[in-house]
Amino acid sequence: MGKTVAIVNQKGGVGKTTTAVNLAAAVGTLGKKVLLVDIDPQGNATSGFGINKRRLQKSSYDSLVCGTPVDETIIKTEFGDVFVLPSSMNLAGAELELVEAEQRESRLKTILAPSKDRFDYVFLDCPPSLGLITLNALCAADTFLVPIQCEFYALEGLSQLMSTVRQIKRLYNPMLELEGVLLTMYDGRLNLTQQVVEEVKRFFPKKVYATTIPRNVRLSEAPSFGRPVIYYDKFSKGASAYTELAREFICFNER
């Protein structure tokens, strides 16, 4: 059965979508069949795999709101065995449309259920908020992965996220667990970075990935070419970091 991992942080600009795109691609290069579900209305994970959002006939909006089968919406990418359930701007109004729906918090779990077993891993790229769409992701997920930027405000808002997770575990998904915490935009030369790392490890003992993601120009450039960094420049520091993270991720899950 495929494992579902929500990549979540309500704070924007922490490398959430960058992680979703590049971890999915790197896991795919290691022989795993991967589905990336883009449920962020901005659709950056969709365009990160070279998918033109303007030409989409169906998106995650149609599946989430209208009940369109996921198999009719999934797109096979050109990057290994990686598939994408794309997003579109229509998703921006989905939370309002779902407010009156029955079992609104479990819509995503329901639509993914028939397809989940076809994949080794399903990654959910969440919007930078703790609204109804993120609630759906955390109800559908087995675990959640939290990217944290190595800066002063890194831990700000994490207590709110963990409080939300505790409520979701109590009310909807008692099996939900923390997959891991990923340190992004890492610069080991800075004292502030070391302070943030120590604080995060104290906050999440034994849950911080050994792999860190550095600031990297190639990592920033890759989305504009519609390619994950390992396909844009496989020799870059960003590509090496996400490949190492993918190995660490798979090793933990398959030991």
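Just so you know, these numbers come straight off a predicted model, no measurement behind them.

Draft legend 1. Region of the structure containing the pattern of salt bridges. By the definition in use, this model includes 13 salt bridges. Between Glu199 and Arg202 there is a salt bridge; the shortest N-O distance is 2.5 Å. Of the two residues, Glu199 and Arg202 are both situated in helix α8 (residues 191-203); the distance of three residues between them amounts to about one turn of the helix. Taking the relative accessible area as the measure of exposure, Glu199 reaches 31% and is therefore partly exposed. Classification of Arg202 by relative accessible area gives exposed; the value is 59%.

Draft legend 2. Region of interest: a nonpolar patch on the surface. Residues Phe152, Tyr153, Leu190 and Leu192 make up a contiguous nonpolar surface patch of roughly 430 Å² in combined accessible area. Assignment of secondary structure puts Leu190 in the loop between β7 (177-184) and α8.

Draft legend 3. The nonpolar core, seen in detail. If you look at the biggest cluster of nonpolar residues, it comprises 50 residues, and the most contacted ones within it are Leu35, Val37, Leu108, Leu124, Phe144 and Phe204. By residue number, the principal contributor to this core is helix α6 (residues 132-140), which donates seven residues. Every residue in contact with Leu124, bar those within four places of it in the chain, is listed here: Thr4, Val5, Ala6, Ile7, Val37, Leu108, Leu112, Ala137, Ala140 and Ala141. Counting 34 residues, the second-largest nonpolar core is a separate cluster that includes Ile7, Val84, Tyr209 and Ala239.

Definitions and cut-offs
Residues numbered from 1 in each chain as written. Predicted model: local features only at pLDDT ≥ 70, side-chain atom pairs only at ≥ 80, totals over all residues. Heavy atoms only, no water. Salt bridge = Lys/Arg side-chain N within 4 Å of Asp/Glu carboxyl O. Helix = DSSP H or I, 4+ residues; strand = E, 2+ residues; numbered from the N terminus. Buried < 20%, exposed > 50% of the residue type's maximum accessible area, 1.4 Å probe, protein only. Patch = residues over 30% accessible without salt bridge, like charges linked within 9 Å, V, L, I, M, F, W, Y side chains within 5 Å. Areas by Shrake-Rupley, 256 points an atom, 1.4 Å probe, with all protein chains shown as cover. Core = buried A, V, L, I, M, F, W, Y, C linked by side-chain atoms within 4.5 Å. Contact = heavy atoms within 4.5 Å.

Interpretation note: all reported values are geometric properties and have no functional meaning in isolation.
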